[in-house]
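Remarks on the overall topology
Residues per chain are reported as follows:
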Amino acid sequence: MLFRSMVKAACANSLWWLASGPSWIAFKSALDDPDAAQQAVLRSFIRRNSATAFGREHGLGRVQTPAEFARRVPIRNYDEFRPWINRITQGELRVLASDPVRRLVPTSGSTTARKLIPYTASMHRELNQAMSPWIVDLYRRHPQMLLGVSYWSISPAASDGVQINEASSVPIGFDDDAAYLGTFRKALIN
């Protein structure tokens with residue numbers, strides 16, 4: 001039984017490692033010119049989101065440089081984003097992101113007890129692209145981990161144990177941590 005569990009874990013870990021390869025290669029390539037890589041990410045973000053309510057209000061379609069973006073979109077705290085999030089909970093589309101908000105993910109921090117973060121297909125891809133170089137590096141540095149079982153916790157634990165029961169046209173939270181990672185990685189984790 002133990003041997004079978006180790007074989008299953010090794011297969012799942014190896015598949016995750018291999019699936020992470022393309023993002024790791026892209027990350028390594030971006031390290032050659034991080035400034036250009038970051039500017040490309042910003043241009044892509046602006047191109048995708050300039051027609052959103054937030055993008056129109058801030059004139060994102062006219063932004064040409066990172067400095068101009070910084071002037072048009074100043075740093076804000078969560079409370080300053082709350083009206084935008086409320087519009088999403090009421091079902092309005094294309095508020096902060098051009099692609100539909102799949103979920104509002106609860107999280108917490110030092111300024112407020114709970115924040116709802118819009119989770120979109122783009123965010124899902126970016127999360128996996130960000131984790132992939134780490135996964136590749138983890139298994140490259142510690143290949144023995146390929147053989148073992150891992151524990152992952154992605155979503156925040158509810159501090160009071162109470163389920164979120166808030167009126168929203170967008171689902172709040174995930175039923176399972178593995179859902180953050182999408183179908184393929186969720187299957188591997190399970």
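Shown above is the structure to which this text applies.
Below, the structure is looked at part by part. (Residues numbered from 1 in each chain as written. Predicted model: local features only at pLDDT ≥ 70, side-chain atom pairs only at ≥ 80, totals over all residues. Heavy atoms only, no water.)

Our focus in this paragraph is unusual backbone geometry. Despite not being glycine, arginine 94 has its phi angle at roughly 55 degrees, a positive value. Relative to the helices and strands, arginine 94 is located in the loop between α6 (78-89) and β1 (101-107). Take arginine 94: its relative accessible area is 40%, and that puts it in the partly exposed class. (Helix = DSSP H or I, 4+ residues; strand = E, 2+ residues; numbered from the N terminus. Buried < 20%, exposed > 50% of the residue type's maximum accessible area, 1.4 Å probe, protein only.)

So, on to the pairing of strand β2 (residues 115-120). Among the six residues that make up β2, five are buried, leaving the element largely enclosed by the rest of the structure. Summarising the sheet, β1 and β2 pair through six bridges and their orientation is antiparallel. Among the inter-strand pairings, threonine 107 is bridged to a residue of β2, identified as lysine 115. (Pairing = 2+ DSSP bridges.)

Inspection of the entire model under this criterion finds four aromatic pairs. With 6.2 Å between their ring centres and 90 degrees between their planes, phenylalanine 45 and phenylalanine 69 make a pair best called edge-to-face. On the criterion of sequence distance, the pair formed by phenylalanine 45 in helix α3 (residues 34-49) and phenylalanine 69 in helix α5 (residues 66-72) is long-range, its members being 24 residues apart. Phenylalanine 45 sits in the partly exposed class, given a relative accessible area of 29%. (Phe/Tyr/Trp six-rings, centres within 6.5 Å; stacked < 30°, edge-to-face > 60°.)

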